[in-house]
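Architecture at a glance
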Amino acid sequence: MTEVRGTTVTGATGTTGVPRLSVARRLDHCTVLGPGTRAVLWVQGCPLRCRGCVAAETLPFEGGTAHTVDELADWLCGLPDVEGVTLSGGEPFSQAAGLAALLDAARARRPDLSAMAYSGFRYEALRAGGPDRRALLRRLDLLVDGPYVAARHGSLRWRGSANQRIVALTGRYAHLAAEPDTSAGVELSLEADGSLSWAGVPPTPGFREGFEEQLAARGFVLHTRARREA
């Protein structure tokens, strides 16, 4: 099993001691990556290389934007109309300590904030892992676990392939088990610079490539690379 890594931020004088996260992208409002309306945080960096990964630009640990926990907690708490946050990537459990601290900081001001995360690792492996991974698990309501397997692609709720599971870690979303397990689709967002981005789990394999080609043919620019924020 590949070991997930913790994250430290090193400056000119060494490790700062201030909790930071390497972020590929943020989205204020999303209805296709978890229950209700949610903020989404994509972290930068993943040790896995699933063929057909829908967010390949988030795989390298280089790049992204460094944010402190307090900065990201301020962002989340400034979105009063979302019921929770979804952590994606990249591999959230490669930055488990920082994300656990983020959830604590946000819930200190918003105790009702729900939390969901994606991971390419199985729940059992995360639970048997290090203290940082277990700490993040304890703070989640929902986990989507397992690597994406292109040969098992399916039109499933919040998941890309049939091997992946929605694991309820609290009773908050226990009712989901009785609801239809069908794709939530994808959403388009217009960025401040006029370009487009999208979020969601494509219901069909190869969706991203075909979609981006069609948009490019019509003159639209789609954000497909993790980039540093201004």
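Structure shown above.
A brief structural summary.

So, about the overall build of the chain. The secondary structure content of the chain amounts to five helices and 13 strands. Of all 230 residues assigned to the chain, the portion counted as buried reaches 47%. Counted over contacts in the chain with a minimum sequence separation of 6, partners at least 24 positions apart contribute 68%. On the chain, roughly 11,000 Å² of surface is accessible, and the fraction owed to carbon and sulfur atoms is 53%.

Bringing the packing of helix α1 (residues 69-77) against helix α2 (residues 96-109) into the picture now. Put simply, α1 and α2 touch, their axes get as near as 9 Å, and they point 45 degrees apart. With respect to α2, the element α1 is oriented oblique. Note on packing geometry: the crossing formed by α1 with α2 is right-handed. Packed against α1, whose contacting residues are Val 69, Leu 72, Ala 73, Asp 74, Leu 76 and Cys 77, the element α2 presents Gly 98, Ala 101, Leu 102, Ala 105, Ala 106 and Arg 109 at the interface. Taken together, the residues of the contact of α1 with α2 break down into nine nonpolar, one polar and two charged.

The next subject is the nonpolar core. Phe 93, Leu 102, Leu 140 and Leu 143 are the most contacted members of the largest nonpolar core, which has 34 residues in total. Each residue touching Leu 102, except ones within four places of it in the same chain, is listed here: Leu 21, Leu 41, Val 69, Leu 72, Ala 73 and Leu 76. If you look at the next biggest cluster of nonpolar residues, it comprises 16 residues, including Trp 42, Met 116, Tyr 118 and Leu 142.

Here we take up the sheet that holds strand β3 (residues 20-30). Pairing is mixed across the open sheet formed by seven strands, whose spatial order is β5-β3-β4-β6-β7-β8-β11. What marks the edges here is a single partner per strand, and that holds for β5 (65-68) and β11 (165-168). When the angles between neighbouring strand axes are averaged without regard to direction, this sheet yields 30 degrees. Bridging between strand β6 (residues 84-88) and strand β7 (residues 114-118) involves four bridges; their strand directions are parallel. Its bridge partner lying in β7, Leu 87 is registered against Ala 117. Relative to the sheet, α1 contacts β3, β4 (38-43), β5 and β6, its axis offset from that of β5 by approximately 80 degrees.

With that settled, the discussion passes to the packing of α2 against helix α4 (residues 131-138). Direction vectors running N to C along α2 and α4 enclose 30 degrees, while the axes themselves pass 8 Å from each other. The pairing of α2 with α4 is recorded here as roughly parallel in orientation. Seen along the crossing, α2 lies across α4 with a hand that is left-handed. Between α2 and α4, the residues in contact are Ala 96, Ala 97, Leu 99, Ala 100 and Leu 103 and Asp 132, Arg 133, Ala 135 and Leu 136, respectively. Across the contact of α2 with α4, the residue classes tally to seven nonpolar, no polar and two charged.

What counts, and at which threshold
- Residues numbered from 1 in each chain as written.
- Predicted model: local features only at pLDDT ≥ 70, side-chain atom pairs only at ≥ 80, totals over all residues.
- Heavy atoms only, no water.
- Helix = DSSP H or I, 4+ residues; strand = E, 2+ residues; numbered from the N terminus.
- Buried < 20%, exposed > 50% of the residue type's maximum accessible area, 1.4 Å probe, protein only.
- Contact = heavy atoms within 4.5 Å.
- Areas by Shrake-Rupley, 256 points an atom, 1.4 Å probe, with all protein chains shown as cover.
- Axes fitted to C-alpha atoms, helices over the stretch in contact; angles between N-to-C directions.
- Parallel < 35°, antiparallel > 145°, perpendicular 65-115°, else oblique.
- Left-handed = near helix turned anticlockwise from the far one by under 90°.
- Nonpolar A, V, L, I, M, F, W, Y, C, P; charged D, E, K, R; others polar.
- Core = buried A, V, L, I, M, F, W, Y, C linked by side-chain atoms within 4.5 Å.
- Pairing = 2+ DSSP bridges.

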